[in-house]
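What follows is each chain in one-letter form.
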Amino acid sequence: LSYGLGIAYALQGALQVVLRLEIDLVSVERNLQYCEETPQEEPRSARVHNVEPAPLCDAWPDAGRLAFVDVTLRYRPELPPALRGVSFSVEAGERLGVVGRSGSGKSSLVSALLRLVEVENGAISVDGVDVRSVPLARLRAGIAVVMQDAVMFSGDLRYNLDPARACTDEALTRALRRVRLCAEADDAAEKLKEAVGEGGDNWSAGQRQLICLARAILRGAKVLVCDEATSSIDAETDGVVQGVLRERRATMLVIAHRLETILDSDRVLLMDAGAVAEEGPPAE
Ligand SMILES: Nc1ncnc2c1ncn2[C@@H]1O[C@H](COP(=O)(O)OP(=O)(O)OP(=O)(O)O)[C@@H](O)[C@H]1O
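Given the structure is predicted, the values throughout are model-derived calculations rather than measurements.

Asker: Explain the packing of helix α7 (residues 205–219) against helix α8 (residues 235–247) residue by residue, including any values.
Answerer: Close contact between α7 and α8 brings their axes to 11 Å; oriented N to C, the two are set at 10°. Comparing the axis directions of α7 and α8 gives the class roughly parallel. Taking contact as the criterion, the partners of Leu210, Leu213 and Ile217 in α7 are, on α8, Thr237, Val241, Val244 and Leu245.

The structure is reproduced here in structure tokens:
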């Protein structure tokens with residue numbers, strides 16, 4: 001009788017293992033399906049809308065001139081356009097502030113520039129090269145973007161500042177100090193070892209944005225796009241960071257809700273319902 005009871009337990013255990021295995025196999029199958037069947041962007045080829053790939057010099061973009069010409073963008077064919085015939089240009093080293101009500105199309109300018117969504121009409125060029133003729137990986141490597149929701153990686157602070165491990169300790173320390181993540185008196189080497197949890201949840205929202213800004217500074221890209229990049233940073237630190245960014249002489253597209261952030265821009269673009277409503281110096 002006691003052996004019989006043991007067999008019942010063993011069978012129950014075996015059944016549980018089989019059920020668990022079945023659930024795990026479904027998960028593996030779903031992952032394989034995502035990997036194989038999800039439509040992917042093509043990082044190497046640039047051929048969209050029959051635009052031929054452009055020959056690019058190694059340093060592209062070396063000046064950082066941006067031009068939007070009559071750009072119309074729609075997220076899905078059945079939706080109304082998010083951008084309607086938008087035209088403006090930003091000279092090399094110029095700082096353009098972009099303001100407008102929620103939903104006016106500010107972030108869509110970034111989606112169009114980085115080709116997260118392909119434009120329906122018109123063209124965007126960087127240093128005279130149509131972005132549709134540039135391989136995606138190359139295009140996105142040439143433009144540094146800092147978003148409101150900071151992108152963080154699990155690891156340490158050093159990895160988050162320099163995921164490609166291309167920077168020296170001195171450069172990392174300088175960047176940390178410039179965005180005020182590390183005071184002069186602090187040990188920068190220790191700071192760089194500080195842990196970053198999943199999604200950076202052990203850092204405050206403002207600190208996460210500062211880390212992303214330091215990462216963008218370290219990349220040294222000629223075009224820098226900030227989309228509400230300092231919304232969680234206190235006004236004083238924001239002022240210091242803006243000063244640091246200005247020294248870099250990169251072309252900047254600064255999208256902001258806070259007027260102080262764009263007051264020292266060279267020009268301001270006011271977006272309204274997907275179109276450029278006004279454009280001019282901030283004083284106007
Ligand atoms: N992924 C998307 N899919 C469909 N429609 C979208 C998508 N993203 C934005 N839109 C639509 O495009 C329009 C412009 O949105 P966008 O995010 O560019 O505005 P915004 O000015 O940046 O707003 P906010 O200041 O709130 O960030 C809105 O009507 C919005 O509903």
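So that's the structure; there's more coming.
Asker: Could you give an account of the nonpolar core, naming the residues involved and the relevant values?
Answerer: Membership of the largest hydrophobic core comes to 39 residues, with the highest contact counts inside it found for Leu161, Leu213, Leu224, Cys226 and Leu245. Secondary-structure elements contributing two or more residues to this core are β6 (143–147), α4 (157–161), α5 (169–178), α6 (188–192), α7, β9 (223–227), α8 and β10 (251–255). Per element, the largest residue contribution to this core is 8 residues, and it comes from α7. With sequence-adjacent residues up to four places away left out, cysteine 226 is seen in contact with Val146, Leu213, Leu245, Met252, Leu253, Val254 and Ile255. Val117, Val131, Leu253 and Leu269 belong to the second largest nonpolar core, which has 32 residues in total.

Asker: Talk me through the pairing of strand β11 (residues 267–272); I want residue IDs and the actual numbers.
Answerer: With 5 bridges joining them, strand β3 (residues 95–100) and β11 adopt parallel strand pairing. Across the sheet, the residue bridging to glycine 100 is methionine 271, located in β11.

Asker: Please provide a residue-by-residue account of the site of the ligand, values included.
Answerer: Around the ligand, the structure places Tyr75, Leu79, Ala82, Arg101, Ser102, Gly103, Ser104, Gly105, Lys106, Ser107, Ser108 and His257. With respect to the ligand, the side chain of lysine 106 contributes an N or O atom lying 2.8 Å from an oxygen atom. About the coverage of the ligand: the protein hides 58% of its 630 Å² of free accessible area. Per-class residue counts for the shell around the ligand are 3 nonpolar, 7 polar and 2 charged.

Asker: Could you give me a rundown of the UniProt feature "domain: ABC transporter" (unreviewed entry) in the chain, with the residues and numbers involved?
Answerer: Here the UniProt-annotated "domain: ABC transporter" (unreviewed entry) positions come out as residues 66–284. Span residues 66–284 is 31% helix and 28% strand, its end C-alpha atoms 23 Å apart.

The rules behind the values
Residues numbered from 1 in each chain as written. Predicted model: local features only at pLDDT ≥ 70, side-chain atom pairs only at ≥ 80, totals over all residues. Heavy atoms only, no water. Axes fitted to C-alpha atoms, helices over the stretch in contact; angles between N-to-C directions. Helix = DSSP H or I, 4+ residues; strand = E, 2+ residues; numbered from the N terminus. Parallel < 35°, antiparallel > 145°, perpendicular 65-115°, else oblique. Contact = heavy atoms within 4.5 Å. Core = buried A, V, L, I, M, F, W, Y, C linked by side-chain atoms within 4.5 Å. Buried < 20%, exposed > 50% of the residue type's maximum accessible area, 1.4 Å probe, protein only. Pairing = 2+ DSSP bridges. Near = heavy atom within 4 Å. Polar contact = N/O pair within 3.5 Å; in protein donor to acceptor, adjacent residues only side chain to side chain. Areas by Shrake-Rupley, 256 points an atom, 1.4 Å probe, with all protein chains shown as cover. Nonpolar A, V, L, I, M, F, W, Y, C, P; charged D, E, K, R; others polar. UniProt positions renumbered as here; feature names shortened; annotations may be inferred.

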